[in-house]
Amino acid sequence: MSYSDMDKKVDGLLGKKAFATNEKSFTMSSKTNNGMALKATTSMKGGSTTCKLNSKFKHSSGVNFSKIDIVSDGSVKVEANCASGVDNVNITSAFTMGTAKWLAGKKNNEKAAIGFEFAQGDMSASADFDFLAKNGDNDVVCFTPEFCYTMDNFQFGGDAEVNFPSPFGGEGGATSMDDYNVGLAYKTSDTDMVLQVGQPGKDNMLSASIFNNASSDTKWGATFSQGKGGSIKERAFNVKVGAQFQNNADMSTKIQIDQNAVGSFKLTQALNGGASLTLQTEIDFNNLQSDAKFGLGFDMKL
């Protein structure tokens, strides 16, 4: 278990990718005889259409390509890992390349990261160096370590982001620690409770979550988070509560509502031949006169 996966279950239920209520998508996926997974996705959002081809496979040399994304916006992403020759240590890498048009987009940056993952017993740790990172307008090398320790039902961990001036030219800026977080979790077979503090001793941004498998066909969760600001009492906060129900063998329903009374609803229906149809909507209950958002997804497995 890594620190970044500490709240993985509630993130799958209520996170940024749990709903896509303003997107229409069509996905085809397949797997070859030698184990290569292929997926092609066409999505339409906000008047624009994006196509993505994804692949993942393990090469005979021992290199595991966990992600290869070729996207119509002009970007390519590759993530791979392999054994290092040292017990319990894997070498990791992540690369992002893009056209000049893609790089001109907001928050679009190339990436060339090399790192490692270590796991033994109750301890896990990882770190990587991104040699093409940006910190504002500065060219930097970004170092991102994280660790996690498990003791019985408790987990404790943290991560950080440290930027060093780039040795490859450009405006490097000064060495700085731009972000650091710590977290504590209590987990049982059916419940996860997580408390995290962003930049403790400085901004003290609090977040908490709970996830519970109430039964074989029902799970629910809730999240709470605060942003930066003055005193903790004066800060804006975000709250989400949601649940997922397995209506029957072929249908599941997911619901979510936040502190602003904005609700999201998702229905997934399995079809013959391994395909599935997803219908989603988002409704602002404080402004029912406004247009609701709708999402539609079709996933076909070949």
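In what follows, the accompanying structure is described. Computed from a predicted structure; not experimentally measured.

Observations regarding the environment of Phe285
Phase 1 of the analysis: You can see Phe285 is positioned in the loop between β18 (276–284) and β19 (293–301).
Phase 2 of the analysis: C-alpha of Phe285 to C-alpha of Ala261: the two residues are 24 residues apart in sequence and 5.6 Å apart in space.
Phase 3 of the analysis: Those residues in contact with Phe285 that sit more than four places away from it in its chain are Ile257, Ala261, Gly263 and Phe265.

Let's talk about the nonpolar core
Phase 1 of the analysis: Core analysis: the largest hydrophobic core is formed by five residues, namely Tyr3, Met6, Cys148, Ala185 and Val194.
Phase 2 of the analysis: Ignoring anything within four residues of it in the chain, the contact list for Met6 reads Met1, Cys148, Gln155, Phe156, Gly157, Gly183, Leu184, Ala185, Lys187 and Val194.

Notes on the pattern of salt bridges
Phase 1 of the analysis: Under the criterion given, the structure shown has five salt bridges.
Phase 2 of the analysis: Here Lys134 and Asp139 are joined by a salt bridge, their closest N and O atoms 2.6 Å apart.
Phase 3 of the analysis: On the accessibility criterion, Asp139 (21% relative accessible area) is partly exposed.
Phase 4 of the analysis: Glu282 is the partner of Lys293 in a salt bridge, and the nearest nitrogen-oxygen pair spans 3.8 Å. With a gap of 11 residues between them, Lys293 in strand β19 and Glu282 in strand β18 connect regions that are remote in the sequence.
Phase 5 of the analysis: Under the relative-accessibility criterion, Lys293 is labelled partly exposed at 38%.

What to know about a positive patch on the surface
Phase 1 of the analysis: Judged by side-chain charge, Lys17, Lys31, Lys39, Lys52, Lys56, Lys77 and Lys111 come together as a positively charged surface patch.
Phase 2 of the analysis: Residue placement: Lys77 occurs in strand β5 (residues 75–83).

What to know about the environment of Ala174
Phase 1 of the analysis: Summarising the element assignment, Ala174 is placed in the loop between β10 (154–165) and β11 (176–187).
Phase 2 of the analysis: The exposed category is assigned to Ala174, whose relative accessible area is 59%.
Phase 3 of the analysis: C-alpha of Ala174 to C-alpha of Gly105: the two residues are 69 residues apart in sequence and 25 Å apart in space.
Phase 4 of the analysis: When near neighbours in sequence (up to four residues on either side) are disregarded, Ala174 contacts Asn163 and Pro165.

Focus: the side chain of Ser75
Phase 1 of the analysis: If you trace the backbone, Ser75 turns up in strand β5.
Phase 2 of the analysis: A polar contact is formed between the side chain of Ser75 and the side chain of Asp73, at a distance of 2.8 Å.
Phase 3 of the analysis: Once you skip the residues sitting within four places of it in the chain, Ser75 turns out to touch Asp69, Ile70, Met97, Gly98 and Trp102.

Considering the environment of Thr92
Phase 1 of the analysis: Mapped onto the fold, Thr92 is located in strand β6 (residues 89–98).
Phase 2 of the analysis: Linking Thr92 and Ser126, residues 34 residues apart in sequence, is a C-alpha distance of 9.3 Å.
Phase 3 of the analysis: Sequence-distant contacts of Thr92, that is, excluding residues within four places in its chain, are made with Ala80, Asn81, Ala113, Ile114, Gly115, Phe116 and Glu117.

Examining the pairing of strand β16 (residues 251–258)
Phase 1 of the analysis: Where strand β15 (residues 237–248) meets β16, eight bridges bridge the pair, whose relative direction is antiparallel. What sits directly across from Gln246, in β16, is Ser252.
Phase 2 of the analysis: Between the antiparallel neighbours β15 and β16 lie two residues.
Phase 3 of the analysis: In terms of strand pairing, β16 meets strand β17 (residues 262–270) through seven bridges, oriented antiparallel. Bridging from a neighbouring strand, Gln256 pairs with Ser264 of β17.
Phase 4 of the analysis: Taking the residues between adjacent antiparallel strands as the criterion, β16 and β17 are bridged by three residues, where Ala261 takes a positive phi near 65°.

Here's the deal with the packing of aromatic side chains
Phase 1 of the analysis: Using the criterion set out here, one finds eight aromatic pairs in the structure.
Phase 2 of the analysis: Aromatic pair Phe26 and Phe298: ring centres 5.6 Å apart, planes at 5°, arrangement stacked. Taken as a pair, Phe26 in strand β1 (residues 24–31) and Phe298 in strand β19 lie far apart in primary sequence, 272 residues in all.

Quick word on the pairing of strand β8 (residues 123–135)
Phase 1 of the analysis: Examined bridge by bridge, strand β7 (residues 111–120) and β8 share eight bridges and lie antiparallel to one another. Following the sheet pairing, Ile114 is matched in β8 by Phe129.
Phase 2 of the analysis: Here β7 folds back onto β8, and the loop between the two strands holds two residues, one of which, Gly121, carries a positive phi near 60°.
Phase 3 of the analysis: The sheet contact formed by β8 and strand β9 (residues 138–151) spans 11 bridges and is antiparallel. By the bridge assignment, Asp128 is partnered in β9 with Thr144.
Phase 4 of the analysis: Hairpin remark: β8 followed by β9, antiparallel, with two residues in the connecting loop; positive phi at Gly136, about 70°.

The rules behind these values
Residues numbered from 1 in each chain as written. Predicted model: local features only at pLDDT ≥ 70, side-chain atom pairs only at ≥ 80, totals over all residues. Heavy atoms only, no water. Helix = DSSP H or I, 4+ residues; strand = E, 2+ residues; numbered from the N terminus. Contact = heavy atoms within 4.5 Å. Core = buried A, V, L, I, M, F, W, Y, C linked by side-chain atoms within 4.5 Å. Buried < 20%, exposed > 50% of the residue type's maximum accessible area, 1.4 Å probe, protein only. Salt bridge = Lys/Arg side-chain N within 4 Å of Asp/Glu carboxyl O. Patch = residues over 30% accessible without salt bridge, like charges linked within 9 Å, V, L, I, M, F, W, Y side chains within 5 Å. Areas by Shrake-Rupley, 256 points an atom, 1.4 Å probe, with all protein chains shown as cover. Lys, Arg positive; Asp, Glu negative; His and termini not counted. Charge placed at Lys NZ, Arg CZ, Asp CG, Glu CD. Polar contact = N/O pair within 3.5 Å; in protein donor to acceptor, adjacent residues only side chain to side chain. Pairing = 2+ DSSP bridges. Phe/Tyr/Trp six-rings, centres within 6.5 Å; stacked < 30°, edge-to-face > 60°.

Take it as geometry only, folks, not as evidence of what the structure does.
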